[in-house]
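Structural characterization, general
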Amino acid sequence: MKIMVVCGNGLGSSFIMEMNVKKALTEMGKTAEVDHTDLTSARTVQADIFIGAADIVGQLDDGSRKIVTLENMMNIPEITSKLKSHFE
């Protein structure tokens, strides 16, 4: 499974979210390839799940992508609960 973390510029906030997604996966006992990118690049990237803040990642929702929106990118329990359904 590949998870792409998306933010506006693909720098600071997506890197922080990437680290938190990895922590959440570890807590869940799951593994996945996790990377981060900017919104523009994300449109051409292949991934199983795109995750990020609602205002950014929602722009990728074309009906064919699995989108996970976060209210608080620092909240590992939120990340865990939103990713769990994709690993069942």
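The present account deals with the structure reproduced in this document. (Residues numbered from 1 in each chain as written. Predicted model: local features only at pLDDT ≥ 70, side-chain atom pairs only at ≥ 80, totals over all residues. Heavy atoms only, no water.)

1. With respect to the nonpolar core
- Among the nonpolar cores identified, the biggest contains 17 residues, and Ile3, Val21, Leu25, Ile51, Ile79 and Leu83 are the most heavily contacted of them.
- Going through the elements one at a time, strand E1 (2-7), helix H1 (12-28), strand E3 (49-53), strand E4 (67-70) and helix H4 (76-84) are the ones with two or more residues in this core.
- Among the elements that line this core, the one with the most residues is H1, at five residues.
- Apart from the residues within four sequence positions on either side, Leu25 is in contact with Ile3, Lys30, Ala32, Val34, Leu83 and Phe87. (Core = buried A, V, L, I, M, F, W, Y, C linked by side-chain atoms within 4.5 Å. Buried < 20%, exposed > 50% of the residue type's maximum accessible area, 1.4 Å probe, protein only. Helix = DSSP H or I, 4+ residues; strand = E, 2+ residues; numbered from the N terminus. Contact = heavy atoms within 4.5 Å.)

2. Considerations on the sheet that holds E1
- Taken together, four strands build an open sheet; the order of strands is E2-E1-E3-E4 and the sheet is parallel. Unpaired on one side and paired on the other, strand E2 (33-38) and E4 mark the two borders of the sheet. For this sheet the average axis-to-axis angle between neighbouring strands, irrespective of direction, equals 25 degrees.
- Pairing of E3 with E4, which is carried by four bridges, proceeds in the parallel orientation. Its bridge partner lying in E4, Gly52 is registered against Thr69.
- Its contacts with the sheet place H1 against E1, E2, E3 and E4, and it is angled at close to 145 degrees to E1.
- Against the sheet, H4 makes contact with E1, E3 and E4, and its axis sits at roughly 160 degrees relative to E4, the strand it touches most. (Pairing = 2+ DSSP bridges. Axes fitted to C-alpha atoms, helices over the stretch in contact; angles between N-to-C directions.)

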